[in-house]
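Chain by chain, the residues:
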Amino acid sequence: MEFLIKGIKQSRTIYLLMFLIIMALLAIFGNSFGVLFVIANCAVLFLILVLFNKAKISGNRKFKVVSQIIVAMYSVFLISFFLIESIIILEAKASNKDDFKNVDFVIILGAGLHGDIPSKTLETRLEAGKQFLLKNKNLPVIVSGGQGEGETISEAKAMGKYLTDKGIAENRIYYESESTTTYENLKFSKQIIKQLGVTEPTVLIVTNDYHVVRAKMIGKELGLESYGLGGKSPMLVRINYFIREYFGIVKTIINQYL
């Protein structure tokens, strides 16, 4: 009996600690994707602890079997998560260079506007693209992005204005203003390239560092020989989006192979 009481008290302490951690994360960072991810993991661990405790206290084998199944599934998830995150991080580091060779077109992916002003995420992409274009003055660039909710012009139009204001000649810029997803960004950009008479292009996809892997995967799916140039995001933004990108890549893999 004493053992059971001690176990219950220890469990309550763990549950309370988890609850306090979750409340602290919500208070500091809000309900961002990264915070929700941490909360979801805490919820799974909480469920596992509850089932293990119930199995220990009641002696019911069903609780033990269910907890073991959940542990096995959660372990598979963690292995896949750390594997994919490692690939994302390595690709993000590799994408910081700007010495890509034999590129036919640069494609800068849209990422949202505040009215007609590029968001911080989009500005990061534009800055990375601008630097590359200034060093490679003969390369054409496609700015790709439609007009979303809360945007007064298309992302492509805002991106083109940003680049011309920074010294990129207007005659180098081609506009793709219909896309709403990364897949459409690259699909519609490929159509523009084909219309310009290039059938097997090598493209440099400019996006954020955390997004390079998925953008290149989609480029490959569409038959584009692709490099990736990633603009570096602020640390807190990177953590949040690096986590979110895991699920985006899993979805892309499922769409491509299943």
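Above this text you will find the structure in question.
The rules we used
Residues numbered from 1 in each chain as written. Predicted model: local features only at pLDDT ≥ 70, side-chain atom pairs only at ≥ 80, totals over all residues. Heavy atoms only, no water. Phe/Tyr/Trp six-rings, centres within 6.5 Å; stacked < 30°, edge-to-face > 60°. Helix = DSSP H or I, 4+ residues; strand = E, 2+ residues; numbered from the N terminus. Buried < 20%, exposed > 50% of the residue type's maximum accessible area, 1.4 Å probe, protein only. Pairing = 2+ DSSP bridges. Axes fitted to C-alpha atoms, helices over the stretch in contact; angles between N-to-C directions. Contact = heavy atoms within 4.5 Å. Parallel < 35°, antiparallel > 145°, perpendicular 65-115°, else oblique. Left-handed = near helix turned anticlockwise from the far one by under 90°. 1 Å grid on protein atoms, 1.4 Å probe; cavity = no way out; pocket = protein on both sides within 12 Å on 5 of 7 lines; lining within 4 Å. Points joined across faces, edges and corners; volume = space filled by probe spheres on them. Expected span 1.5 Å × (residues − 1).

1. Structural notes on the packing of aromatic side chains
One pass over the full model with this rule turns up 13 aromatic pairs. Arranged with centres 6.2 Å apart and planes meeting at 50 degrees, the rings of F37 and F77 form a pair that is tilted. Of this pair, F37 sits in helix α2 (residues 33–58) while F77 sits in helix α3 (residues 61–94), and the two are 40 residues apart along the sequence. Side by side, F37 and F77 carry an identical accessibility label, which is buried. Between the aromatic rings of F81 and F82, the centroid separation amounts to 5.6 Å while the plane-to-plane angle is 75 degrees, which identifies the pairing as edge-to-face. What makes F81 buried here is its relative accessible area of 8%. Ring-pair connections join several aromatic residues into one group, and the members of that group are F37, Y74, F77, F81, F82, Y246 and F247.

2. Quick look at unusual backbone geometry
In the Ramachandran plot, N102 falls in the positive-phi region, its phi being about 60 degrees despite a non-glycine side chain. A relative accessible area of 67% places N102 in the exposed class.

3. Focus on the sheet that holds strand β6 (residues 202–208)
Reading across the sheet, the five strands line up as β5-β4-β1-β6-β7 and stay open at both edges, with parallel pairing between neighbours. Sheet topology places β5 (173–176) and β7 (225–231) at the edges, where each strand pairs with a single neighbour. Recorded for the sheet is a direction-independent mean angle of 25 degrees between the axes of neighbouring strands. Sheet topology note: the strand β1 (residues 105–109)/strand β4 (residues 141–144) ladder contains four bridges and is parallel. When the sheet's bridge partners are listed, V106 is paired in β4 with V141. Relative to β6, helix α4 (residues 120–135) is tilted by about 140 degrees, and along the sheet it contacts β1, β4, β6 and β7. Where helix α7 (residues 212–221) meets the sheet, its contacts fall on β1, β6 and β7, and the angle it forms with β7 comes to roughly 160 degrees.

4. Quick look at the packing of helix α6 (residues 182–195) against α7
In contact at an axis separation of 10 Å, α6 and α7 are set at 45 degrees when each is read in the N-to-C sense. Between α6 and α7, the angle is such that the two are oblique. The crossing of α6 and α7 is right-handed. Of the residues in α7, those in contact with T182, Y183 and L186 of α6 are R214, A215, I218, G219 and E221.

5. As for the environment of I88
Note on placement: I88 falls in helix α3. Along the chain, I88 and Y210 lie 122 residues apart, while their C-alpha atoms are 6.3 Å from each other. In this structure I88 touches Y210, V213, F242, E245, Y246 and I249, once residues within four positions along its chain are discounted.

6. With respect to the layout of surface pockets
Approximately 390 Å³ is the volume attributed to the largest pocket. What lines the largest pocket is a set of 22 residues, among which G110, A111, R125, T182 and R244 lie closest to the centre. Elements with a contribution of two residues or more to the lining of the largest pocket: α4, α6 and α8 (235–257). Of all the elements, α8 adds the most residues to the lining of the largest pocket, at three residues.

7. Regarding α4
The terminal C-alpha atoms of α4 lie 23 Å apart, and with 16 residues this matches the ideal 22 Å at 1.5 Å per residue to within 8%. Listed as buried for α4 are L122, T124, R125, L126, A128, G129, K130, F132 and L133.

8. Re the environment of G219
Within the fold, G219 resides in helix α7. C-alpha separation for the pair G219 and Y183, spaced 36 residues apart in sequence, amounts to 8.0 Å. Aside from chain neighbours lying at most four places away, what touches G219 is L186, L224 and S226.

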